[in-house]
Amino acid sequence: MKDLLRIADLDASDLETLLDLAATFKENPYKYPGVLRNDTVVLYFAKPSTRTRISFETAVARLGGTPIQVGKDELQLGRGETIEDTAHVISRYARAFVIRTYADDDVRSFAAAASIPTINALTDKHHPMQALADLLTFKERFGSFHGRKLAYVGDGNNVAHSLLEACALAGLEVAVATPPGYEPDADIVEMAREIADASGGKVTATTDPDEAVAGAHAVYTDVWVSMNTPESERKTRLEAFAPYQVNDALMAKAREDAIFMHCLPDHRGEEVTASVVDGPRAVIFDEAENRLHTAKAALFALVEGQLIGARRRHRDPARA
C-alpha cells in the first residue's frame, strides 16, 4: 500500500498498525528520529489549516525530515502544469506528499502519477487523518471498540464519511443523524455497512438525532457551515440543522460516561452549546493532540511499507 487517500483503503490490520504506532509515538514523541533524516515532505494546502498543517509539519520534523509547505498559488499548477507532471517532479525531490484540497479526483490523480506516498489531509469527500485521531481518542477512553457506539449528529460531510468508514473497520457501532437533504453519500454508507458486516460493527443512518445518540459512548458533531459554503446558504443551513444541536438535553440521551467529540474549529451556539464543548465530557483537545501522533504513524507506516491495503473495490466510479 503506497497511499492513504481514504479510510476504506485500509484493512483491519492496517488500522490496528496505525493506532498502535500512534500510541507508541504518543508515549515516546521522539521515537524513530531518523526515518526521514535528510529527506523532505511536501505539504500542499489549498485550504486554510491549523491542526492539519502544524501536526504534519511537527510530525515530519520529529521523524528527522524537513517539511516544505506550499499553497495553491506557489506551484505551477495554477499556471497550467498538469497534476500528473507535478507529481512526477515532486517524486524526484521529496519522500512523501501530503495534500489538503477540494476535489478527490485531484488527489487520486496525483497519487496515481507519483512514485512516493501520498496522504489525503482533507478533501470535500474524505478526512481520513481526522478519523484516525478520533479512533485513537476513543480507544484511549474506552479501551476497545467492540460493543461500543459512536453517534455523529449534523452534516453528512467529509468528516462523517471518514468516521463511517473508520468506525465500521474498527468494529464500532456508528449512527449518523442528519437533516433530510444533508445525508452522507449513499455509496459510502453502503460500503461502511459491508465493512461492518465483516468487522462485527453496525452502521445506522437516520434523520433522528435522539435515535442516533441513544446509548452512545461518544457524541460527535462538526460545523454546520463549512469554510467553502456560500454565504447565501448560511441561513438555510442554520435553520435546517437547528434541531441537531448537541446540547445538554441531547447529551443526556447518551451514556452517563459518554464523551463529546468535535474535529474543530467549533462554533459555540450553533452545532454545540458552550456548556457541552467547554464541559468535562469534551475530549476535543485530546483529538487535536492525537492528530500529531496519527500523522507520524501514517508517515512512518507508508514510508516503511508497513501497510497492506484493503482488497475491496471502491464504489467510487473514479476508482472502478
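Residues numbered from 1 in each chain as written. Predicted model: local features only at pLDDT ≥ 70, side-chain atom pairs only at ≥ 80, totals over all residues. Heavy atoms only, no water.

With respect to the overall build of the protein
Regarding its fold elements, the protein presents twelve helices and nine strands. At 19 Å, the protein has a C-alpha radius of gyration in line with the 20 Å of a compact globule built from 320 residues. Summarising its shape, the C-alpha atoms of the protein cover approximately 55 × 45 × 35 Å along the three principal directions. Burial statistics for the protein: of 320 residues in total, 56% are counted as buried. For the protein, the exposed area adds up to about 13200 Å²; of that, 47% sits on carbon and sulfur atoms. For the protein, the centre of its 36 positive side-chain charges and the centre of its 48 negative side-chain charges are spaced 3 Å apart. (Helix = DSSP H or I, 4+ residues; strand = E, 2+ residues; numbered from the N terminus. Rg over C-alpha atoms; globule rule 2.2 N^0.38 Å. Buried < 20%, exposed > 50% of the residue type's maximum accessible area, 1.4 Å probe, protein only. Areas by Shrake-Rupley, 256 points an atom, 1.4 Å probe, with all protein chains shown as cover. Lys, Arg positive; Asp, Glu negative; His and termini not counted. Charge placed at Lys NZ, Arg CZ, Asp CG, Glu CD.)

Quick look at the side chain of Lys-149
Within the secondary structure layout, Lys-149 lies in strand β5 (residues 149–153). For Lys-149, which is buried and forms no salt bridge, the nearest opposite charge comes from Glu-173, at a distance of 4.2 Å. A polar atom in the side chain of Lys-149 sits 2.7 Å from the backbone oxygen of Ala-214. Among all residues touching Lys-149, those that are not within four sequence positions of it are Phe-138, Leu-172, Glu-173, Ala-175, Glu-211, Ala-212, Val-213, Ala-214, Gly-215, Ala-216, His-217 and Ala-218. (Salt bridge = Lys/Arg side-chain N within 4 Å of Asp/Glu carboxyl O. Polar contact = N/O pair within 3.5 Å; in protein donor to acceptor, adjacent residues only side chain to side chain. Contact = heavy atoms within 4.5 Å.)

Digging into helix α3 (residues 83–93)
Taken together, the buried positions of α3 are occupied by Thr-86, Ala-87, Ile-90 and Ser-91. With its buried residues spanning 135° around the axis, α3 presents them on a single face. Contacts made by the buried residues of α3 are with β1 (40–45), β3 (96–100) and α4 (104–113). (Arc of directions from axis to C-beta.)

What about the nonpolar core?
By size, the foremost hydrophobic cluster in this structure holds 68 residues, and its most contacted members are Phe-56, Leu-135, Leu-150 and Leu-299. Looking at which domains feed residues into this core, each of domain 1 (3–126 + 291–304) and domain 2 (130–287) gives three or more. Apart from the residues lying within four places of it in its own chain, the contact partners of Phe-56 are Leu-43, Val-98, Ile-119, Ala-121, Met-129, Ala-295 and Leu-299. By size, the runner-up hydrophobic cluster in this structure holds 21 residues, among which are Ala-177, Ala-216, Val-246 and Val-277. (Core = buried A, V, L, I, M, F, W, Y, C linked by side-chain atoms within 4.5 Å. Domains from an automatic or database assignment.)

Some points on the sheet that holds strand β6 (residues 173–177)
Where strands meet in a sheet, backbone hydrogen bonds hold them as pairs that are either parallel or antiparallel. The strand order across the open sheet formed by five strands is β7-β6-β5-β8-β9, and the pairing between neighbours is parallel. Of all the strands in the sheet, just β7 (202–206) and β9 (259–262) have a single pairing partner and so form its edges. The average angle at which neighbouring strand axes cross in this sheet is 20°, direction not considered. Note: strand β8 (residues 218–221) against β9, four bridges, orientation parallel. Counted as the bridge partner of Val-219 is Phe-260 from β9. (Pairing = 2+ DSSP bridges. Axes fitted to C-alpha atoms, helices over the stretch in contact; angles between N-to-C directions.)

What about the packing of aromatic side chains?
All told, the structure shown has ten aromatic pairs when counted by the stated rule. When the centroid spacing of 4.6 Å and the interplanar angle of 25° are considered together, the rings of Tyr-32 and Phe-300 count as stacked. Residue Tyr-32 is found in the loop between α1 (12–27) and β1, and its partner Phe-300 is found in helix α12 (residues 284–303); the two are separated by 268 residues along the sequence. A residue is classified by how much of its surface remains accessible, and Tyr-32, at 35% relative accessible area, is partly exposed. These aromatic residues form a ring-pair network of at least three members: Phe-25, Tyr-32 and Phe-300. When the ring centre of Tyr-32 is taken as reference, the NZ or CZ atom of Lys-31 above it lies at 4.9 Å. (Phe/Tyr/Trp six-rings, centres within 6.5 Å; stacked < 30°, edge-to-face > 60°. Lys NZ or Arg CZ within 6 Å of the ring centre and 35° of its normal.)

Thoughts on the pattern of salt bridges
The tally for this structure, following the rule as stated, stands at 13 salt bridges. Note that Arg-234 is salt-bridged to Glu-270, the shortest N-O span being 2.5 Å. With a gap of 36 residues between them, Arg-234 in helix α9 (residues 234–241) and Glu-270 in the loop between β9 and α11 (274–277) connect regions that are remote in the sequence. Arg-234 gets classed as partly exposed once you look at its relative accessible area, which sits at 26%. With a closest N to O distance of 2.9 Å, Asp-266 and Arg-268 form a salt bridge. The exposure class of Asp-266 is buried, given its relative accessible area of 14%. Accessibility expressed as a relative area gives 42% for Arg-268, which makes it partly exposed.

With respect to the domain arrangement of the protein
Segmenting the protein into domains produces domain 1 (3–126 + 291–304) and domain 2 (130–287). Averaged C-alpha coordinates put domain 1 and domain 2 at centres separated by 25 Å. Domain 1 puts 27 residues into the contact, and the matching count from domain 2 is 26 residues. Taking both sides of the interface into account, the surface hidden between domain 1 and domain 2 amounts to around 2100 Å²; carbon and sulfur atoms contribute 65%. It is Ile-7, Leu-19 and Arg-291 in domain 1 that bury the most area against domain 2; as a group they hold 28% of the surface buried on that side. The salt bridge involving Glu-140 is made with Lys-26; its shortest N-O contact spans 2.8 Å. Summed over the shared surface of domain 1 and domain 2, the result is eight residue pairs in polar contact (both at pLDDT 80 or more). Only α1 and α12 provide two or more residues apiece to the side of domain 1 that touches domain 2. (Buried area = accessible area lost by both parts, 1.4 Å probe.)

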